[in-house]
Amino acid sequence: MDTDKYYVYDALPNPSRMIRLIKILSTTPQVSCVFRIVLLDDSPVFSALSYMWGDASTTELITIDGRPLPVTTNLAHAMRDVHSLWAEGRTPRDDAAEQWLWADAICINQRDDQEKNSQVPLMDKIYSGAHTVYSWLGHEGETRFAIDAVNFVSFIISKLPCGTFIWERTDKGKTFPSKLEAKDFDDSGPNSLDEITT
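As the structure is a prediction and not an experimental result, all values here were calculated from the model. (Residues numbered from 1 in each chain as written. Predicted model: local features only at pLDDT ≥ 70, side-chain atom pairs only at ≥ 80, totals over all residues. Heavy atoms only, no water.)

Participant: Got a minute to help me understand the overall build of the protein chain in this structure?
Facilitator: Scanning the protein chain for helices and strands turns up six helices and nine strands. Across the 198 residues that make up the protein chain, the buried fraction comes to 32%. Restricting the contact set of the protein chain to residue pairs at least 6 apart, pairs at least 24 apart contribute 60%. (Helix = DSSP H or I, 4+ residues; strand = E, 2+ residues; numbered from the N terminus. Buried < 20%, exposed > 50% of the residue type's maximum accessible area, 1.4 Å probe, protein only. Contact = heavy atoms within 4.5 Å.)

What follows is the structure, given as structure tokens:
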């Protein structure tokens, strides 16, 4: 395809305070989206996507506002999966039609270094301000172990009292949380991983 037919980004009026969000309209036959520009200070409701970029040379075309834009195949797959979740009703908002997403490789003009230099420092604010952050590690079969590990860690954290861990190294080189400094909580919480998991 002729590259001058690709999507052309309009400059953000204030790239140090504004971001682009995408609404996924469809995922068949290809991912089709529209952009919206929002001011972060207005606390817009959106989800953010964190994903494995994958091989940058393996791309597919999506459409933004009716114009083609090449993205990594991993990003296109991640967007399909997020759209599928939304279609199933698993959304941060009641109205599935009003779901907006931020994904760095699309929402930041990757060909504009000045914009990237303004947008990258906002990423902590973007992720912390997102209603939901989706972490896409790959297709379900590829990520089963990672999902199990994240679920286990989440379970462990949910059982811990509020406090600060002091990490110690054993003689075998492993680190583990050996004690918890009390910070405004009673000390009736678990004392070891064994107590948490039993």
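Participant: Explain unusual backbone geometry here, please?
Facilitator: Residues apart from glycine generally show negative phi values, whereas peptide bonds are mostly found in trans. Note the cis peptide between T28 and P29, where omega equals 0°. Here S43, not a glycine, exhibits a phi torsion of approximately 50°, which is positive. One non-glycine residue with positive phi stands out, namely D65, at about 50°. Following the sequence through the fold, D65 ends up in the loop between β4 (59-64) and β5 (67-72). A relative accessible area of 41% places D65 in the partly exposed class.

Participant: How should the nonpolar core be read in this particular structure?
Facilitator: If you look at soluble globular proteins, the nonpolar side chains tend to sit buried side by side. Of all hydrophobic cores here, the largest spans 38 residues; its most connected members are L49, M79 and I106. Top contributing element to this core by residue count: helix α1 (residues 73-87), with six residues. Not counting residues within four places of it along the chain, the set of residues in contact with I106 comprises Y9, I22, F35, I62, I64, L69, V71, L75 and M79. (Core = buried A, V, L, I, M, F, W, Y, C linked by side-chain atoms within 4.5 Å.)

Participant: Can you help me understand α1 in this one?
Facilitator: Over its 15 residues, α1 runs 21 Å from end to end, which matches the ideal 21 Å to within 8%, given 1.5 Å per residue. Of all the residues in α1, the buried ones are T73, N74, L75, A76, A78, M79, V82 and W86. Once α1 ends, the next one or two residues include G89, with phi positive near 90°. (Expected span 1.5 Å × (residues − 1).)

Participant: Teacher, can you tell me more about the side chain of E115 here?
Facilitator: Take E115: it is sitting in helix α3 (residues 113-119). Once residues lying within four places of it in the same chain are set aside, the contact partners of E115 are L12, R20, C107, I108 and N109.

Participant: So what exactly am I meant to see when it comes to the side chain of T72 here?
Facilitator: Mapping T72 onto the fold places it in strand β5. Polar side-chain contacts of T72 include one of 3.3 Å to the backbone oxygen of W53. Aside from chain neighbours lying at most four places away, what touches T72 is Y51, W53, D55, A56, T58 and T59. (Polar contact = N/O pair within 3.5 Å; in protein donor to acceptor, adjacent residues only side chain to side chain.)

Participant: Teacher, can you tell me more about the pairing of strand β3 (residues 47-51) here?
Facilitator: Sheet faces and side chains relate simply in a regular strand, where the side chains alternate between the two faces. For β3, a buried count of four out of five residues is recorded, marking the element as mostly surrounded by other parts of the structure. Strand direction decides the pairing type here: β3 and strand β6 (residues 101-102), joined by two bridges, are parallel. Opposite S47, over in β6, you have L101 as the bridge partner. By the bridge criterion, five bridges tie β3 to strand β7 (residues 132-136) in an arrangement that is parallel. Considered in β7, the bridge of A48 is made with V133. (Pairing = 2+ DSSP bridges.)

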